[in-house]
Protein chains: 4
Amino acid sequence: MHSVQPLLDAGVKVIDLSADFRIQDVALWEQWYNIKHACPELIPHAVYGLPEVNREQIKTANFIAVPGCYPTAIQLGFLPLLENDLVDSSRLIADAKSGVSGAGRKAVEDYLLCEATESIKAYGVTAHRHQPEICQGLHRAAGVEIGLTFIPHLAPMVRGILATLYAPVKNERNVTQEQLQSIFEDRYASEPFVEVLSAGEFPATRNVKGSNRCEISVTYRDDTDTVVVLSAEDNLVKGASGQAIQNMNVMFGLEETAGLEGIALLP
Amino acid sequence: MHSVQPLLDAGVKVIDLSADFRIQDVALWEQWYNIKHACPELIPHAVYGLPEVNREQIKTANFIAVPGCYPTAIQLGFLPLLENDLVDSSRLIADAKSGVSGAGRKAVEDYLLCEATESIKAYGVTAHRHQPEICQGLHRAAGVEIGLTFIPHLAPMVRGILATLYAPVKNERNVTQEQLQSIFEDRYASEPFVEVLSAGEFPATRNVKGSNRCEISVTYRDDTDTVVVLSAEDNLVKGASGQAIQNMNVMFGLEETAGLEGIALLP
Amino acid sequence: MHSVQPLLDAGVKVIDLSADFRIQDVALWEQWYNIKHACPELIPHAVYGLPEVNREQIKTANFIAVPGCYPTAIQLGFLPLLENDLVDSSRLIADAKSGVSGAGRKAVEDYLLCEATESIKAYGVTAHRHQPEICQGLHRAAGVEIGLTFIPHLAPMVRGILATLYAPVKNERNVTQEQLQSIFEDRYASEPFVEVLSAGEFPATRNVKGSNRCEISVTYRDDTDTVVVLSAEDNLVKGASGQAIQNMNVMFGLEETAGLEGIALLP
Amino acid sequence: MHSVQPLLDAGVKVIDLSADFRIQDVALWEQWYNIKHACPELIPHAVYGLPEVNREQIKTANFIAVPGCYPTAIQLGFLPLLENDLVDSSRLIADAKSGVSGAGRKAVEDYLLCEATESIKAYGVTAHRHQPEICQGLHRAAGVEIGLTFIPHLAPMVRGILATLYAPVKNERNVTQEQLQSIFEDRYASEPFVEVLSAGEFPATRNVKGSNRCEISVTYRDDTDTVVVLSAEDNLVKGASGQAIQNMNVMFGLEETAGLEGIALLP
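Residues numbered from 1 in each chain as written. Chains lettered and ligands numbered in written order. Predicted model: local features only at pLDDT ≥ 70, side-chain atom pairs only at ≥ 80, totals over all residues.

1. Considering the overall build of chain A
Summing up its helical and strand segments, chain A has eight helices and 10 strands in all. For chain A, the C-alpha radius of gyration of 18 Å lies close to 18 Å, the compact-globule estimate for 267 residues. In chain A, of all internal contacts separated by at least 6 residues, the share reaching a separation of at least 24 is 72%. (Helix = DSSP H or I, 4+ residues; strand = E, 2+ residues; numbered from the N terminus. Rg over C-alpha atoms; globule rule 2.2 N^0.38 Å. Contact = placed C-beta atoms within 7 Å.)

2. Brief notes about the domain arrangement of chain A
By a frequent convention, interface size equals the accessible area lost on bringing the separate parts together. All names here are of chain A. For chain A, the domain assignment lists domain 1 (4–67 + 240–251) and domain 2 (69–235). Computed from C-alpha coordinates alone, the two centres of domain 1 and domain 2 are separated by 22 Å. The interface is formed by 16 residues belonging to domain 1 together with 16 residues belonging to domain 2. Those elements giving two or more residues to the side of domain 1 that touches domain 2 turn out to be helix 2 (26–33), helix 3 (51–60) and helix 8 (237–251). In terms of residue count, helix 8 provides more of the side of domain 1 that touches domain 2 than any other element does, four residues in total. Taken together, the residues of the side of domain 1 that touches domain 2 break down into 10 nonpolar, four polar and two charged. (Domains from an automatic or database assignment. Nonpolar A, V, L, I, M, F, W, Y, C, P; charged D, E, K, R; others polar.)

3. Here we look at the relation of the copies chain A and chain D
In the superposition of chain A on chain D (RMSD 0.0 Å, axial shift 0.0 Å), the rotation amounts to 180°. Both chain copies can therefore be described as sitting about a two-fold axis. Most of the interface of chain A is mirrored in chain D, where 100% of its interface residues are also at the interface. (Least-squares fit on C-alpha atoms with pLDDT ≥ 70 in both.)

4. A short note on the sheet that holds strand 2 (residues 47–48) of chain C
Residues and elements named next belong to chain C. Strand order in the open sheet made by the three strands is 1-3-2, with parallel pairing throughout. If you trace the sheet from one side to the other, it starts and ends with strand 1 (14–16) and strand 2, each paired once. Note: strand 1 against strand 3 (residues 63–65), three bridges, orientation parallel. By the bridge assignment, Ile15 is partnered in strand 3 with Ile64. (Pairing = 2+ DSSP bridges.)

5. Quick word on the interface of chain A and chain B
The interface is formed by 37 residues belonging to chain A together with 37 residues belonging to chain B. Among the secondary structure elements, those contributing two or more residues to the side of chain A that touches chain B are strand 4 (92–98), strand 5 (121–122), strand 6 (148–154), strand 7 (161–168), strand 9 (214–221) and strand 10 (226–233) of chain A. Tallying contributions element by element places strand 7 of chain A first for the side of chain A that touches chain B, with four residues. In the side of chain A that touches chain B, the residues fall into 19 nonpolar, 11 polar and seven charged.

6. A look at the sheet that holds strand 2 (residues 47–48) of chain B
Residue and element names in this part refer to chain B. Across the sheet, which stays open at both edges, the three strands sit in the order 1-3-2 with parallel pairing between neighbours. Two strands bound the open sheet, and with one partner strand each, they are strand 1 (14–16) and strand 2. Bridge count for strand 2 against strand 3 (residues 63–65) is two bridges, and the pairing is parallel. Its bridge partner being in strand 3, Val47 is matched across the sheet by Ile64.

7. Considering helix 3 (residues 51–60) of chain C
All names here are of chain C. Along helix 3, the residues classified as buried are Pro51, Asn54 and Ile58. Within helix 3, the buried residues cover an arc of 110° as seen down the axis, which keeps them to one side. Residues of helix 3 that are exposed and point over 90 degrees away from its buried face: Glu56 and Thr60. Those residues of helix 3 that are buried lie in contact with strand 2, strand 3 and helix 8 (237–251). (Buried ≥ 20, exposed ≤ 12 C-beta atoms within 10 Å, placed from the backbone. Arc of directions from axis to C-beta.)

8. Here we look at the interface of chain A and chain D
At the interface, 13 residues of chain A touch 13 residues of chain D. Along the lines of polarity and charge, the residues of the side of chain A that touches chain D split into nine nonpolar, two polar and two charged.

9. Section: unusual backbone geometry
With a phi angle near 55°, C:Glu118 is a residue other than glycine that sits in the positive phi range. Residue position: C:Glu118 is located in the loop between helix 5 (113–116) and strand 5 (121–122). The exposure class assigned to C:Glu118 is buried, which follows from the 25 C-beta atoms found within 10 Å. The backbone phi angle of D:Asn34 is positive, close to 60°, even though this residue is not glycine. Looking at the element boundaries, D:Asn34 is found in the loop between helix 2 (26–33) and strand 2 (47–48).

10. Quick word on the relation of the copies chain A and chain B
Superposing chain A onto chain B takes a rotation of 180° plus a shift of 0.0 Å along the axis, which leaves an RMSD of 0.0 Å. A share of 100% of the interface residues of chain A reappears at the interface of chain B, consistent with the copies meeting face to face through the same patch.

11. Digging into the environment of A:Ile161
Residue and element names in this part refer to chain A. Residue position: Ile161 is located in strand 7. You can call Ile161 buried: it has 29 C-beta atoms within 10 Å. Along the sequence, Ile161 and Phe21 sit 140 residues apart, while their C-alpha atoms lie 23 Å from each other. With sequence-adjacent residues up to four places away left out, Ile161 is seen in contact with Cys69, Tyr70, Ala73, Ala96, Lys97, Ser98, Thr205, Ala232, Glu233, Asn235 and Gly239.

12. What to know about the environment of B:Leu266
Residue and element names in this part refer to chain B. Locating Leu266 in the fold gives a position in the segment after helix 8 (237–251). Leu266 gets classed as partly exposed once you count the C-beta atoms within 10 Å, which come to 17. As a C-alpha pair, Leu266 and Arg206 span 60 residues in sequence and 6.3 Å in three-dimensional space.

13. Regarding the confidence of the model for chain A
Low-pLDDT stretches of the model should not have their predicted coordinates read in fine detail. Looking at chain A, the pLDDT average stands at 96 and 100% of residues meet or exceed 70. Model confidence for the complex is summarised by a pTM of 0.97, with the ipTM given as 0.97. (pLDDT = per-residue confidence, 0-100.)

And the structure:
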């Protein structure tokens, strides 16, 4: 947040991978990040860099706030449900599992191999900084109030996020597996980096490792009238630098997939 | 199911680790396991071996059906909420993560190191065999109808189950973190193998590895009026053979903790 | 060995990834593989596909036997020492560590995650099939008799081979670290896929994961007058299909690095 | 080294897990540890706590220097060969593989899960601090000069050391597999924590995880007249605190196995 204004003044386009300009409500941001924002006047000028939502704005932007890793996987999973007003947006649950690289490369005891391997745990159970970003994005896309219980987990692996999303179908709506499948397939039909899996197939993080793809499945559970969406990405690619490159491509009129067509490396 | 009757006839007490006698409704069992039950007349005589619920019955039983791994972790987590009528029992969610040992030792491609390591995925998304066992147990304990969305996941580790449980508070109820903490602590105060963690502490599967303990935390999320319970066990110990030994101890009037006091081996 | 002759007859060039034509001595091959060779008359026509040794022959070949994974890493490590007559070729030791993918994708109990993770062990301690291939290659390159103690190990990871090679300096020779470093750097100066690390740097398998590169370090231990060479490759790339593609490129007059310039994916 | 004298003065018996008193030659110690020894006059009074060598001295000692992790596994593997004058002691090789817990619990970037998992590498290639301790121990036990090339490796796992030891048979000696097997079995027949595996069986670190046992196999390679010994231990138990307890038991006249009979926890 200290570097953006000088760069923009110098005529440089900025794609910011940090969390500094993702949240439009500066008070909310300051509450979650617990510091004073250095440059609040720029916040309204930041375009939120989720191409599947904001592609047109990104094309003409000169300043992009790239989404966080959890927010990317979770928004892509919930969006078709909310845009079609199918689920009760006040009772969303996102149970997300991340590899340890999500914590960065800091030399911290919790992320030592001997501490993190062969174990799974939740963290941020009472609150996590990505929650307001997710809610803001879903609210903007769907125009409804969002009630979200988001619980991130640390899984014993390096890369990958799997978000398991639960949404109760609205009382007055009737849905079927076939409808849901069509809605998701249609929503992402022209998206180069979102793949809706066929009914009966489910994502695994290994299948997107090293790639910029997000794999999504949608399942209707008629026993509880609940939709279960699974969304998998590589947190370091579609959840971070790959998405930044995707934004750059869109921003500069390049082929959106340029440099991003690598397939997953198993494993 | 083929061996139990002859053993009982010979005066041998039976502690059955299989799934054959866990479900009282034989039609339901046959539907989920897709075979004909060989010995339905014995099902009503099987005592469900969850000592935290059925200790008195176990003491005098001569035939025990030991609970499954997921059902143990999930029931222990939901029970205090349901027994106290705090949550809407029709909208429960159990997002469970298991190590690969849950699949047994079969030589199956999916469980090869090269396939299962460094990846997380869901399975049984549309339905899993442990679901009716969980619902039956919760229904019996709480006397209410259970609506449960249970999604198991395969985590890249050997041992351990972490169940993340979500339950919406009933409309007419008011709860606080302090109340929930007390309710859980009271419920399990005299249980040797269930440890309710202090508020702000959360379980990790490594902390119960090789031990018969189940670690539980309870968190009230006031932003969504939802209770989040985390329940961790070693699926091979409290979720299987350790629990069988615990049943044996109770059944034979031995010290309930005999042979089960080993602490976790990290990791 | 059943398919090659018909393919050659049809004018198709063959690059064989199997072990069928790697060993020129058919009796030796039959002894190690314990079957009758189906096509011994073709063995003399197979060019051994190690481009760092046989590039000129590969250019004009129509039938290539691609080296095994261990033989590639071990030969590349020993070659500069033997070609320069620096070490006692009768007392070579190769202690090699391989990821589990070296065993292929067979559903075998030993390679289950629960069996292979968090453990290291040796195998083939009395004898391993790759030993005659390594000895043949070193003998041909250096024109001396080879005495090799080769012990492979299974390491708890998916990809990668690290070969730690020990060779006693010949009695009558004097070597220094600087000389060794120069000899190795000169030997591989124009090789696109062998990188000799600077003195004081040592390979790790993660640094070559997914790439066709072999990283090599050479260290002189003056306390025991022994040379220690470390050689790391991805067993599935330079140790297998990547090397096959490299052969294809050479064979067809393509750029040798075509399709093989991907860098390592960490991890 | 600062605490021992005051403790001894107070009549307290000391079992020191640090490296401060393992090496009798203070100049050598200072060279390898690169600090001034604070208490050199105590060094000669430290009994080296390898019960398989020094049990009688330990019984009456009041000050024990517990061996390091690598030195324990490596000495136990070489001792029967050297005590029986079977191998050329000037040309020993120890290729050791350790889990990451050998590095302690320091928050260091190299030992982060994301850095250390799914990779293997050597370290201390030019020199490692445990080398003089190993040479001293072997020299004392066998009364011969020791030439050892010791190369430690970091394997992607938490616990365990596997040492692969290579020793050329002396020119004038003839050995057979059967002789070697007998020599090893006899040497450790009455040792509670060293298990010589049957011919054709080989150790894996998983089999000793959490236990105080060291598993050893011995193999004669007639093709190179070399003996290959494999020695596996849990570096945190027989290689550290378990061995300290074993010393305590011997020192205080307790049952040597007291508190140490736990079997391995797989995995």
